[in-house]
Protein chains: 2
Amino acid sequence: MTPKRNAQRAPAVTVAPERDPPRPPVEAIRAAAFTQFAERGYPVVTVRDIMKACGLTQGALYNHFRSKDELLHDIIASTQGELERLCQQAVAGAGDDPAAQLAAFVRVYVVRHCRLRVEALVANREIGWLSGERVADIRRSRRAIRDILVGILTRGAERGAFDPPRVDGRGDLKAIAMALLDQCTHVSMWYGPGGMLSEEQMAKLYADMALRAVGARTK
Amino acid sequence: MTPKRNAQRAPAVTVAPERDPPRPPVEAIRAAAFTQFAERGYPVVTVRDIMKACGLTQGALYNHFRSKDELLHDIIASTQGELERLCQQAVAGAGDDPAAQLAAFVRVYVVRHCRLRVEALVANREIGWLSGERVADIRRSRRAIRDILVGILTRGAERGAFDPPRVDGRGDLKAIAMALLDQCTHVSMWYGPGGMLSEEQMAKLYADMALRAVGARTK
DNA sequence: AAGCCATGTGAATGGTCGTTCAGGGGATGT
DNA sequence: ACATCCCCTGAACGACCATTCACATGGCTT
C-alpha cells in the first residue's frame, strides 16, 4: 500500500458536521481545528484539511496564526485557562467546608468534561504535540488545578473532615488527587448524551465517589 | 520554518536507551517500536527510526511485519491480551467474596500499569491509529475487562456486599466501572519510581479507594 | 480618486513518508 | 559443490507535508 497520510483515526468522539453560522474567520478556523483534531489527531490533520473545512485555502491560515503549532496552542490554552478559572471559582464559592469544596470542584470539572468533550479531548490528548515552550505553559495550568485539589485534601485531612486512605501508615495526597483528576478528566473519552445519566447526574455520581474515596465524614 | 516531521513530542515517559542483549530481530523491533511510540507517538515515528534503533534499515521491517500498522497492532494486542488474562486470573483466584475480587482486580491492574508503563501507555494512547478492523479487536478486549469489573460490582451490589453510589435513586454500575478503570489506567501517564509510593503501595492505595467508592462493607 | 491595509489565492520550495523491489550474502541441507 | 532458503540492503516510487511568496481583491480612509 502506498502511503496514506490521511489514514482514518478511529474517531474517539463523533461530532456533527457543524453548520457554521457566518463568524469571523479566526473563530471558524478555531472551531474547525477543534473538531478535526478531536476526530483524527493533530499530526495527521493537515493545514489544508482545516482550511478546507472553513472554505479557505492553506495559505490563509498564516494571516491569523504564525504556525500550525501556534494554532494548537491557542485553542488548548483558551480551554485550559477557562477550566482553571472555573475550578478556582467553584472552590471559592463553596464556603469553608472542605467536603463542600471538593464536591463543588468535582461537579464543575465533570460537567465541563461532559459538555465540552471535544475541547477537553483535544486539550488532554493533543498536548504532547506542542513544542517545548508552549507545552510548559499548559502544564503549569494543569499543575495549578491539581494543587487546588491537593489543597482541599490537605485542609480536609488536617481538620478531620476527611480520612484519606493510607498505605503502610503513610498517606500520599498528591497521588489521591491525581487519581481523582484522571477519573474525572477521562469522562470526556467515553461519555455521550446517549447514556443513562445526564451531565448533572454524572457530576453528582463522581462527586459522591470522590467524597467516599477521601473518607469524608457524613454530617 | 520548513516542515519537521520528526517534531519533538514532549515525552510522556522517558525511557532509558535500553542496552539490548542480542535477541531475535523481531523482538528487537518490537522493543524499539514500544519505546519510540511511547516517547514520540505513532504517527511521527518513522519506519526508518524504528529500524535504525535496532541497527537495521527500513526495508528489513517488511520481512517481519506486513506494514507499520500491523506492527502497532501486534505490540498492542500482545500487551492487551496479557492484561486481559491477568485480570481474569486475579478475579478467579480471589474466591467468592466480591470485595476480595475487586481488590485483587485493582491490585493486579495497577501494579501492571505501574510496572509496564511504556507498554500500557502505547496500548492506551496509540490505539486510535490502528485501522478499522484491527482496532475492533482491541476494543473487544477492553470491553471484556470492563465487563469483568461490572460483573464484580453487580454481584457485590446484589449480595449487599457493596453499597454503590446512586443518583436520583438510580445507579449506573457501568459508569462506576469506567471511572475506576480510567483512574487505574492513567497511573501509567504519571507514575514514576521516583515517587513516594512503591508499585505495591500504589496498588494498595487504589484498591482501598475502589473499595470505598463502591461502598464495600467493612467486615 | 487614490492609496492602504487586511485578507485571500495557489504555485513553488525543499523536504519526509510508507512501501516495493532487484540484488547480495551466509547458513543449511543435499 | 550446489541449490535453497532467510534475511538483509539501499535505491527508487509516488505521494503529501508546512511554510513562503508574488500576486489579487475589496473595503476603508483620506
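Residues numbered from 1 in each chain as written. Chains lettered and ligands numbered in written order. Predicted model: local features only at pLDDT ≥ 70, side-chain atom pairs only at ≥ 80, totals over all residues.

**Quick word on the domain arrangement of chain A**
Residues and elements named next belong to chain A.
Piece 1. For chain A, the assigned domains are domain 1 (9-65) and domain 2 (68-213).
Piece 2. A C-alpha centroid distance of 27 Å is found between domain 1 and domain 2.
Piece 3. Opposite the 14 residues of domain 1 that make contact, domain 2 presents 14 residues.
Piece 4. Top contributing element to the side of domain 1 that touches domain 2 by residue count: helix H1 (residues 25-40), with six residues. (Domains from an automatic or database assignment. Contact = placed C-beta atoms within 7 Å. Helix = DSSP H or I, 4+ residues; strand = E, 2+ residues; numbered from the N terminus.)

**Some details on the relation of the copies chain B and chain A**
Piece 1. For the pair chain B and chain A, the relating rotation is 180°, the translation along its axis is 0.0 Å, and the fit reaches an RMSD of 0.1 Å. Seen this way, the second copy is the image of the first under a two-fold rotation axis. Closest approach to the rotation axis within chain B is made by the C-alpha atom of Gln183 of chain B, at a distance of 2.3 Å.
Piece 2. Both copies contact each other with a shared surface, as 97% of the interface residues of chain B are interface residues in chain A too. (Least-squares fit on C-alpha atoms with pLDDT ≥ 70 in both.)

**Some points on the packing of helix H3 (residues 68-92) of chain B against helix H5 (residues 117-125) of chain B**
Residue and element names in this part refer to chain B.
Piece 1. It is the contact of H3 with H5, at a shortest axis distance of 9 Å, that shows an interaxial angle of 110°. As judged from the angle between their axes, H3 and H5 are roughly perpendicular. The handedness of the crossing between H3 and H5 is left-handed. For the pair H3 and H5, contact is made by Ile75, Ile76, Thr79 and Gln80 and by Glu119, Val122 and Ala123, respectively. (Axes fitted to C-alpha atoms, helices over the stretch in contact; angles between N-to-C directions. Parallel < 35°, antiparallel > 145°, perpendicular 65-115°, else oblique. Left-handed = near helix turned anticlockwise from the far one by under 90°.)

**Some remarks on the packing of helix H6 (residues 132-158) of chain A against helix H7 (residues 173-185) of chain A**
All names here are of chain A.
Piece 1. Two elements in contact, H6 and H7, have axes whose closest approach is 9 Å; the angle formed by their N-to-C orientations is 125°. If you check the angle between H6 and H7, you find them oblique. Seen from above, H6 lies across H7 with right-handed handedness. Residues Arg146, Leu149, Val150, Leu153, Thr154 and Ala157 of H6 lie in contact with H7, whose contacting residues are Leu173, Lys174, Ile176, Ala177, Met178, Leu180 and Leu181.

**Details of the nonpolar core**
Piece 1. Of all hydrophobic cores here, the largest spans 86 residues; its most connected members are Phe105 and Tyr206 of chain A together with Phe105 and Tyr206 of chain B.
Piece 2. Discounting chain neighbours no more than four positions away, the residues touching Tyr206 of chain B are Ala179 of chain A together with Val106, Val110, Gln183 and Cys184 of chain B.
Piece 3. In terms of nonpolar packing, the next biggest core, distinct from the first, is built from 27 residues, Val44, Leu61, Leu72 and Ile76 of chain B among them. (Core = buried A, V, L, I, M, F, W, Y, C linked by C-beta atoms within 7 Å. Buried ≥ 20, exposed ≤ 12 C-beta atoms within 10 Å, placed from the backbone.)

**So, the interface of chain B and chain A**
Piece 1. Chain B puts 36 residues into the contact, and the matching count from chain A is 37 residues.
Piece 2. Going through the elements one at a time, helix H6 (132-158), helix H7 (173-185) and helix H9 (199-213) of chain B are the ones with two or more residues in the side of chain B that touches chain A.
Piece 3. When residues in the side of chain B that touches chain A are grouped by element, the largest group, nine residues, is from H9 of chain B.
Piece 4. Split by residue class, the side of chain B that touches chain A holds 20 nonpolar, nine polar and seven charged. (Nonpolar A, V, L, I, M, F, W, Y, C, P; charged D, E, K, R; others polar.)

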